[in-house]
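# Observations on chain architecture
Below, each chain spelled out in residue letters.
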Amino acid sequence: MGGTTVAAGLVGADGQVLEHCQAPTHVRGAGTALATIEALLERLCDIARARGVAITGVGIGVPGTVDAERGVVGVDVHYAPELAGVPLGDRLAAPLSGVPVFVDNDVNALALAEWTWGAGRGARSLVMLALGTGVGAGIILDGRLHRGQAGFGGELGHVPIDFDGRPCICGGRGCLKSYVSGTDIALRATERLGRPTSAAEVFRLAAGGDAAADEVVAEVCRALGAGLAIIVNGLNPERILLAGSVAKSLRPIEARLRASLAGYAFAQALAATHLEILTQDKDATVRGGAALVGYETHRRRTATS
Ligand SMILES: [Zn+2]
């Protein structure tokens with residue numbers, strides 16, 4: 001689920017998306033994200049029944065912190081605050097007669113999907129950084145998802161890269177997110193250009209030679225270079241995957257981003273880290289939920305045996 005849209009799907013054990021459906025998160029009004037999720041789940045259950053497909057698990061990614069062990073959403077769920085503290089796993093499992101429901105941070109789920117079926121396949125360690133409405137990350141270290149002690153593992157959107165920087169929605173200041181999320185890029189572009197400008201548009205304008213737009217893009221590259229260097233120097237993962245709506249705009253300026261990163265990271269650490277910018281489709285999002293089911297089913301089975 002995202003702050004704007006909830007995407008849902010029926011996914012096979014091989015990662016193939018058999019059905020896809022989606023709805024605006026707050027299609028029923030403010031505070032109604034849970035009803036949207038329940039309606040989509042019900043629709044997919046009907047479709048599965050009609051197809052004669054058995055559902056073996058439900059996985060859901062939420063944009064915020066989650067107590068994944070208990071399936072309870074944390075308080076830091078800025079784009080759907082009505083879900084704060086909701087025992088989402090139990091709520092969704094109730095009508096499903098025994099089908100397990102797993103809840104996790106949205107980018108953790110995305111990272112698991114790329115690790116299971118995509119660009120992270122076979123890696124011992126990887127970090128996925130998703131730049132969209134907000135900025136989130138999923139960290140896999142030595143073959144395990146790193147959730148952290150209280151579910152904050154991977155909150156890399158809120159590492160401060162400018163200690164005197166702007167206040168952030170998280171209560172901190174100078175957070176990476178305030179410079180590289182789609183929302184914040186648009187905000188800065190709008191300020192700098194003096195008219196409403198989207199993130200995608202400012203990248204296009206900069207490519208066309210607009211100097212003011214290029215200043216915004218330069219700042220994105222500097223901020224993201226610093227943010228990525230925190231990952232490279234701090235974790236030295238085998239792979240870093242960049243995803244989310246902003247990733248598409250970064251593809252054409254990849255060399256510029258890499259140059260910025262090289263200015264902040266240990267050269268040897270960077271040389272050992274494979275950085276890839278992914279342009280994902282809707283199916284990739286939906287696979288996240290399925291990958292979470294696969295990962296958790298295996299983890300809980302091996303933990304109890
Ligand atoms: Zn923050």
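Described below are features of the structure shown in this document. What you see is a predicted model; the values in this text were computed from it and never measured. Position labels on residues start from 1 in each chain and follow its written sequence. Note on the predicted model: pLDDT of at least 70 is required for a residue's local features to be given, and 80 or more for side-chain atom pairs to be given and counted; whole-chain, interface and lining totals, by contrast, use all residues. Water and hydrogen atoms were dropped before computing side-chain values, which therefore reflect all heavy atoms in the structure.

## A few points about the overall build of the protein chain
Segments assigned H or I by DSSP are reported as helices when at least four residues long, segments assigned E as strands when at least two residues long, and all are numbered from the N terminus. A count of helical and extended segments in the protein chain gives 11 helices and 11 strands. At 19 Å, the protein chain has a C-alpha radius of gyration in line with the 19 Å of a compact globule built from 305 residues. Considering only C-alpha atoms, the protein chain reaches an extent of 60 × 45 × 35 Å along its principal axes. Here the protein chain holds 305 residues, and 49% of them are scored as buried. The contact criterion used is simple: two residues touch if any of their non-hydrogen atoms lie within 4.5 Å. Sequence separation of 24 or more characterises 60% of the internal contacts of the protein chain that already satisfy a separation of 6 or more. Here the accessible surface of atoms and residues is derived via Shrake-Rupley with a 1.4 Å probe, and residues count as covered only by protein chains that are part of the display. Total accessible area on the protein chain is roughly 13,900 Å²; 53% of this is exposed by carbon and sulfur atoms. Only four residue types enter the tally: Lys and Arg on the positive side, Asp and Glu on the negative side; His and the chain ends are excluded. Taken as the charge location is NZ of Lys, CZ of Arg, CG of Asp or CD of Glu. Within the protein chain, the 30 negative side-chain charges are centred at a point lying 2 Å from the centre of the 28 positive side-chain charges. All radius of gyration figures rest on C-alpha atoms, and the globule criterion is 2.2 Å times the number of residues raised to 0.38. Accessibility here uses a 1.4 Å probe with only protein chains present; expressed as a share of the type maximum, an area under 20% marks a residue as buried, one over 50% as exposed, and anything in between as partly exposed.

## Quick word on the packing of helix H6 (residues 199-207) against helix H7 (residues 211-235)
An axis is simply a line fitted to the C-alpha atoms; with a helix, the fit covers only the stretch in contact. Between two such axes, the angle follows the N-to-C directions and lies from 0 to 180 degrees. In contact at an axis separation of 8 Å, H6 and H7 are set at 115° when each is read in the N-to-C sense. With respect to their mutual orientation, H6 and H7 come out roughly perpendicular. Our pair here, H6 against H7, has a crossing hand that is left-handed. Contacts between H6 and H7 pair Val202, Phe203, Leu205 and Ala206 from the former with Ala213, Asp214, Val216, Val217 and Val220 from the latter. Should an angle fall under 35 degrees it is called roughly parallel, over 145 degrees roughly antiparallel, and 65 to 115 degrees roughly perpendicular, with every other angle called oblique. Crossing handedness: left-handed means the near helix sits turned counterclockwise from the far one by under a right angle, and right-handed means the same turn made clockwise.

## Remarks on the coordination of the zinc ion
Here the coordinating atoms are restricted to nitrogen, oxygen and sulfur within 2.8 Å of the metal centre, or 3.2 Å for Na, K and Ca, and because water is not among them the sites may look incomplete. Coordination of the zinc ion by the protein is provided by His158 (ND1), Cys168 (SG), Cys170 (SG) and Cys175 (SG), with metal-donor distances spanning 2.0 to 2.3 Å. Tetrahedral means four donors with every angle between 85 and 135 degrees, whereas square planar (four donors) and octahedral (six donors) require angles over 155 degrees between opposite donors and between 65 and 115 for all others; sites fitting neither are termed irregular. Every donor counted, the 4 donor atoms about the zinc ion form angles of 103 to 121° at the centre, which fits tetrahedral coordination. In terms of primary sequence, the donors binding the zinc ion are separated according to H-x9-C-x1-C-x4-C. Within this pair, whereas His158 is found in the loop between strand E9 (144-145) and helix H4 (177-180), its partner Cys170 is found in the loop between E9 and H4, the two being separated by 12 residues in sequence. Residue class for His158 comes out partly exposed when judged on its relative accessible area of 23%.

## Here we look at the environment of Thr197
Within the secondary structure layout, Thr197 lies in the loop between helix H5 (182-193) and H6. Owing to a relative accessible area of 4%, Thr197 belongs among the buried residues under this scheme. Counting along the chain gives 152 residues from Thr197 to Cys45, while the straight-line C-alpha distance between them is 40 Å. Think of a polar contact as two N or O atoms within 3.5 Å of one another; within protein, one of them needs to be a possible hydrogen donor and the other a possible acceptor, and neighboring residues in sequence only count if both atoms come from side chains. Separated by 2.8 Å, the side chain of Thr197 and the backbone oxygen of Arg195 make a polar contact.

## A word on helix H1 (residues 33-51)
For a helix, the expected span equals 1.5 Å multiplied by the residue count minus one. Between the first and last C-alpha of H1 there are 27 Å, a value that for 19 residues agrees with the 27 Å anticipated at 1.5 Å per step. Just downstream of H1, Gly52 is the residue with a positive phi angle, here 75°.

## Here's the deal with the packing of H5 against H7
Closest axis-to-axis distance for the H5/H7 pair is 9 Å, and the angle between their directions is 150°. Crossing geometry of H5 relative to H7 is assigned as right-handed. When H5 is examined against H7, the residues Ile185, Arg188, Ala189, Arg192 and Leu193 are found in contact with a partner set consisting of Ala212, Ala213, Glu215, Val216, Glu219 and Val220. By the convention adopted, Pro, Cys, Tyr, Trp, Phe, Met, Ile, Leu, Val and Ala count as nonpolar, Lys, Arg, Asp and Glu as charged, and the other residues, Gly among them, as polar. Taken together, the residues of the contact of H5 with H7 break down into 7 nonpolar, no polar and 4 charged.

## Concerning the pairing of strand E10 (residues 239-243)
Counting buried positions over the 5 residues of E10 gives 5, a clear majority of the element. Here E10 shows a buried face lined by Arg239, Leu241 and Ala243 and a second buried face lined by Ile240 and Leu242. When E10 meets strand E11 (residues 274-277), the two strands line up parallel, connected through 4 bridges. Bridge pairing in E11 places Leu242 opposite Ile277. Here, a strand pair is defined by DSSP locating no fewer than two bridges between the strands.

## Regarding the side chain of Glu114
Residue position: Glu114 is located in helix H3 (residues 106-117). Buried and without a salt bridge, Glu114 has Arg287 as its closest oppositely charged side chain, separated by 5.8 Å. A distance of 2.6 Å separates polar atoms of two side chains, one belonging to Glu114 and the other to Gln280. Those residues in contact with Glu114 that lie beyond four places of it in its chain are Ala119, Gly120, Arg121, Met128, Leu241, Leu278, Gln280 and Ala284. Salt bridge criterion: a side-chain nitrogen from Lys or Arg within 4 Å of a carboxyl oxygen from Asp or Glu.

## Details of the nonpolar core
Counting 40 residues, the largest nonpolar core has Leu129, Val180, Phe203, Leu224, Leu228, Leu242 and Leu250 as its most contacted members. Looking at which element gives the most residues to this core, the answer is H7, with 11 residues. When near neighbours in sequence (up to four residues on either side) are disregarded, Val180 contacts Leu131, Val135, Ile185, Val220, Ala223, Leu224 and Val246. Throughout, nonpolar core names a set of buried Ala, Val, Leu, Ile, Met, Phe, Trp, Tyr and Cys residues whose side chains join them through atoms within 4.5 Å. Listed in part, the 29 residues of the second largest apolar core include Ile37, Val62, Val73 and Leu83.

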